[in-house]
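In case you want the letters, here they are:
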Amino acid sequence: MAYQMNDGAIRMFARTSLGELAESYSYDNGLTWTEAKLSGIVSANSRLFVSRLPSGRVMLIVNDDPTVRQKMTVLLSEDDGKTWKYKHCIDERLGLSYPDADYYDGRIYLTYDRGREFAREILF
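Explanation requested: the sheet that holds strand β1 (residues 2–4) in the structure shown.
Across a sheet, strands are paired by hydrogen bonds formed along the backbone, either parallel or antiparallel in direction. Strand order across the open sheet formed by four strands is β1-β2-β3-β4, with antiparallel pairing between neighbours. Each edge of the open sheet is held by one strand with a lone partner, namely β1 and β4 (37–42). In this sheet, adjacent strand axes meet at a mean angle of 30° when their direction is disregarded. Direction of pairing for strand β2 (residues 10–14) relative to strand β3 (residues 20–26): antiparallel, over a ladder of five bridges. Pairing of Ala14 across the sheet is with Ala22, part of β3.

Next comes the structure, spelled out in structure tokens:
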């Protein structure tokens, strides 16, 4: 997933099996991209969600574990993703994946699933 930075660049995150997200940047509206490198942001090899909030902050949702799909966590950045000062674990259980979010009336609505093979839950 990607978001547009305040300077116009596009920052894209990708999941890896290395315990953290990879990142790449485009400075020409997505025509070309920098070589991917590790971002330093811990994440299991699972889907993530990133978006700019109406407030201007950047929100990132990941599994805050390097190997296991657990600890569904929301991170907020006030400096365009340079640092992630705010961090809150939404759900610590195992088998958490595929976060998605939307915004309405000043609220963040988050959905994700748990236990595709055993619990078969979609959480809101």
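So what exactly am I meant to see when it comes to the environment of Leu96 here?
Note that Leu96 resides in strand β9 (residues 96–104). With 26 residues separating them along the chain, Leu96 and Ile122 place their C-alpha atoms 9.6 Å apart. When near neighbours in sequence (up to four residues on either side) are disregarded, Leu96 contacts Asn63, Arg69, Gln70, Lys71, Met72, Asp91, Tyr112, Asp113 and Arg114.

Help me understand the sheet that holds strand β11 (residues 121–123), please; the structure alone is not making it clear to me.
In spatial order, the strands read β9-β10-β11; together these three strands make up an open sheet with antiparallel pairing. Single-partner strands in this sheet number two, and they are β9 and β11. On average, each strand axis in the sheet is inclined to that of its neighbour by 15°, with strand direction left out of account. The pairing of β9 with strand β10 (residues 107–114) spans seven bridges and is classified as antiparallel. Looking across to β10, one finds that Ala101 is bridged to Leu110.

Would you take a moment to explain the pattern of salt bridges for this structure?
Tallied over the entire structure, the rule returns nine salt bridges. For Arg52, the salt bridge is made with Asp80, and the minimal N-O distance between the two is 2.5 Å. Here Arg52 is found in strand β5 (residues 49–52), whereas its partner Asp80 is found in the loop between β7 (70–77) and β8 (86–94), with 28 residues between them in sequence. The exposure class of Arg52 is partly exposed, given its relative accessible area of 24%. We classify Asp80 as buried; its relative accessible area is 9%. Among the ionic contacts, a cluster of salt bridges with common partners joins Asp91, Arg93, Arg114 and Glu121.

Criteria and thresholds
Residues numbered from 1 in each chain as written. Predicted model: local features only at pLDDT ≥ 70, side-chain atom pairs only at ≥ 80, totals over all residues. Heavy atoms only, no water. Pairing = 2+ DSSP bridges. Helix = DSSP H or I, 4+ residues; strand = E, 2+ residues; numbered from the N terminus. Axes fitted to C-alpha atoms, helices over the stretch in contact; angles between N-to-C directions. Contact = heavy atoms within 4.5 Å. Salt bridge = Lys/Arg side-chain N within 4 Å of Asp/Glu carboxyl O. Buried < 20%, exposed > 50% of the residue type's maximum accessible area, 1.4 Å probe, protein only.

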